[in-house]
Every structure is written in C-alpha cells, then in structure tokens.
Amino acid sequence: LPEYAFIGRSNVGKSSLINMLTNRKSLAKTSGRPGKTQLINHFLINKNWHLVDLPGYGYARVSKSTKKVFQKFITEYFSKREQLVTAFVLVDIRHEPQSIDLEFMQWLGENGIPFSIIFTKADKLKPKAIENHVEAYQNILLETWEDMPNYFVTSSSKEIGKDDVLNYIDQLNENMQLSSN
Ligand code: GDP
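Throughout what follows, the structure given in this document is the object of discussion. (Residues numbered from 1 in each chain as written. Predicted model: local features only at pLDDT ≥ 70, side-chain atom pairs only at ≥ 80, totals over all residues. Heavy atoms only, no water.)

**Side note on the side chain of Thr22**
Thinking step 1. Inspection of the secondary structure assignment puts Thr22 in helix H1 (residues 14-22).
Thinking step 2. In this structure the side chain of Thr22 is engaged in a polar contact, spanning 2.7 Å, whose partner is the backbone oxygen of Ile18. (Helix = DSSP H or I, 4+ residues; strand = E, 2+ residues; numbered from the N terminus. Polar contact = N/O pair within 3.5 Å; in protein donor to acceptor, adjacent residues only side chain to side chain.)

**A short note on the nonpolar core**
Thinking step 1. Within the largest apolar cluster, 27 residues are counted, with the highest numbers of intra-cluster contacts made by Ile7, Phe78, Val89, Phe104, Met105, Leu108 and Ile117.
Thinking step 2. The residues contacting Phe78, other than those within four sequence positions of it, are Ile7, Leu54, Leu84, Ala87, Phe104, Trp107, Leu108 and Ile113.
Thinking step 3. Counting residues in each nonpolar core, the second largest holds 21 residues, with Phe6, Phe88, Leu90 and Val165 among its members. (Core = buried A, V, L, I, M, F, W, Y, C linked by side-chain atoms within 4.5 Å. Buried < 20%, exposed > 50% of the residue type's maximum accessible area, 1.4 Å probe, protein only. Contact = heavy atoms within 4.5 Å.)

**Side note on the pattern of salt bridges**
Thinking step 1. Tallied over the full model, the rule gives six salt bridges.
Thinking step 2. Two residues, Lys14 and Asp53, come together in a salt bridge whose shortest N-O distance is 2.4 Å. One end of the pair, Lys14, is in helix H1; the other, Asp53, is in strand E3 (residues 49-53), and 39 residues separate them in sequence. Across the pair, Asp53 and Lys14 agree in class, each one buried. (Salt bridge = Lys/Arg side-chain N within 4 Å of Asp/Glu carboxyl O.)

**As for the site of the ligand**
Thinking step 1. Inspection of the region around the ligand gives 14 residues, with Lys14, Ser15, Ser16, Asp123 and Ser156 positioned closest.
Thinking step 2. Here an oxygen atom of the ligand sits 2.8 Å away from a polar atom, N or O, in the main chain of Lys14.
Thinking step 3. Ser157 places a polar side-chain atom, nitrogen or oxygen, 2.9 Å from a nitrogen atom of the ligand.
Thinking step 4. Surface burial for the ligand is 76%, taken as the share of its 580 Å² of free accessible area covered by protein chains.
Thinking step 5. Residue classes in the shell around the ligand are distributed as one nonpolar, nine polar and four charged. (Near = heavy atom within 4 Å. Areas by Shrake-Rupley, 256 points an atom, 1.4 Å probe, with all protein chains shown as cover. Nonpolar A, V, L, I, M, F, W, Y, C, P; charged D, E, K, R; others polar.)

**Digging into helix H2 (residues 64-80)**
Because each turn of an α-helix spans 3.6 residues, side chains separated by three or four positions in sequence point in the same direction.
Thinking step 1. Along its 17 residues, H2 runs 24 Å from first to last C-alpha, staying within 8% of the 24 Å computed at 1.5 Å per residue.
Thinking step 2. Contacts made by the buried residues of H2 are with strand E1 (3-8), E3, strand E4 (84-92) and helix H3 (99-110). (Expected span 1.5 Å × (residues − 1).)

**Looking at the packing of H3 against helix H4 (residues 127-144)**
Thinking step 1. Axis separation between H3 and H4 bottoms out at 12 Å; the angle between their running directions is 40 degrees. Remark: the crossing between H3 and H4 carries right-handed chirality. Side by side, H3 and H4 meet where Asp101, Leu102, Met105 and Gln106 of the first sit next to Tyr137, Ile140, Leu141 and Thr144 of the second.
Thinking step 2. Taken together, the residues of the contact of H3 with H4 break down into five nonpolar, two polar and one charged. (Axes fitted to C-alpha atoms, helices over the stretch in contact; angles between N-to-C directions. Left-handed = near helix turned anticlockwise from the far one by under 90°.)

**Re the sheet that holds strand E5 (residues 115-120)**
Thinking step 1. Strands sit in the order E2-E3-E1-E4-E5-E6 across an open sheet of six strands; the sheet is mixed. On the outer flanks of this sheet lie strand E2 (41-45) and strand E6 (151-153), each paired with one strand and no other. Taken pair by pair, the neighbouring strands of this sheet meet at an average axis angle of 25 degrees, ignoring direction.
Thinking step 2. In the sheet, E1 pairs with E4 via six bridges, with the strands oriented parallel. In the sheet register, Gly8 faces E4, and the bridge partner there is Leu90.
Thinking step 3. Each of E4, E5 and E6 touches H4; the most contacted strand, E6, lies at about 165 degrees to it. (Pairing = 2+ DSSP bridges.)

Functional significance is not addressed by these values, which are geometric in nature.
Set out below in structure tokens:
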C-alpha cells in the first residue's frame, strides 16, 4: 500500500494533525514532552494507504548521541521505503523559517524524496502573517529549487486544511493506480 510519512520538529503539532486527519481523539498521543513519540507508527487509513508517524527531529533538550540515533532511524526509514509516495514536513507557521527544517527539506530533495510542507497552528496567526511566513519559506526554497513544494496551511484545533491534505493524498493514490493499470 502507498505510504505517506509525517515528520517535523517535536511539538510542531504532529500528533494533533494526525488525530485530525484520522478523526480520532487519541490515536496518536499528544504530549508536550520531547521524545515521547520515539518509534515509527503506522496507521491504515481507508484501507488503502498507510500514514507513517515518524519521530520528531531537532529536540532541543536531548543529548548528541540521542540525536544521532534519531537521525539514523529517520535516514534508514527513508532509504528503505519503496512504498513512500510523499513525506509531509510539518512546520509551525508562527516561526520564521528555521535552519533545521530547511536542512531537512534540503536533505529530502537531494535524496530524491518527494515532500510537501504542512504549516501547522494557523489559528495562531492572522492571515497576513501566514502569508508572510509562507512567502519567507518560498523565497528561501526557491533559491535552491526550481519549484516551491506543495504546501498546506492547517490548524488542528480549528480543523483547517484537513480536506486539502486528505484530498491531495487521495489524488496521488488515484494517479498511481491509473499509472499502474
Ligand atoms: P507533536 O509533539 O508534534 O506531536 O505536537 P502535539 O500534537 O503534541 O502538539 C504540541 C502542542 O501544540 C500541544 O500543546 C498542542 O495542543 C498544540 N497544538 C497542536 N496543534 C495545534 C493547533 O493547530 N493550534 C493550536 N493553537 N495549538 C496546537
């Protein structure tokens, strides 16, 4: 089955987003404590695709060796997944582009792994500020890449962007079925 991976810094709102996308209140546990989501979790959605919940990167408060283990984990996941269609990189819309996120996107791009950006916590900013922050990402990414990756503006607390993400995944799944028939 096709696979879609969700990844981002700790506390970016990944568990909340996964809960929103899957209509569950407590499927992926949310927690403010870094390091809680340590293993890779798979969720079967609509019996036709897998949502893969990857561990967060960029914990501020863990040791270098822990960071290395996480990195290895993530690298190994991406090097082996033949079913992976797209990775969704989550970034908190409230912050200016962060180097750790940009570096991770750069790494995905260099390794030929398709990705989209999911901006989270959009309820916390005014539309104009959202626009500015998206544009800031756009400008930086376009310095290196020809196109801006697809992106989604979401809020799990206000249920914003849910259908956009799910429809996009359905569309990709349909395209793949068409091309394999
Ligand atoms: P994770 O560590 O990336 O899985 O992040 P969580 O889903 O546990 O969320 C981290 C914190 O951000 C929690 O306090 C959530 O309540 C909060 N949060 C997550 N999504 C949203 C959102 O869309 N809007 C707002 N305002 N807060 C959010």
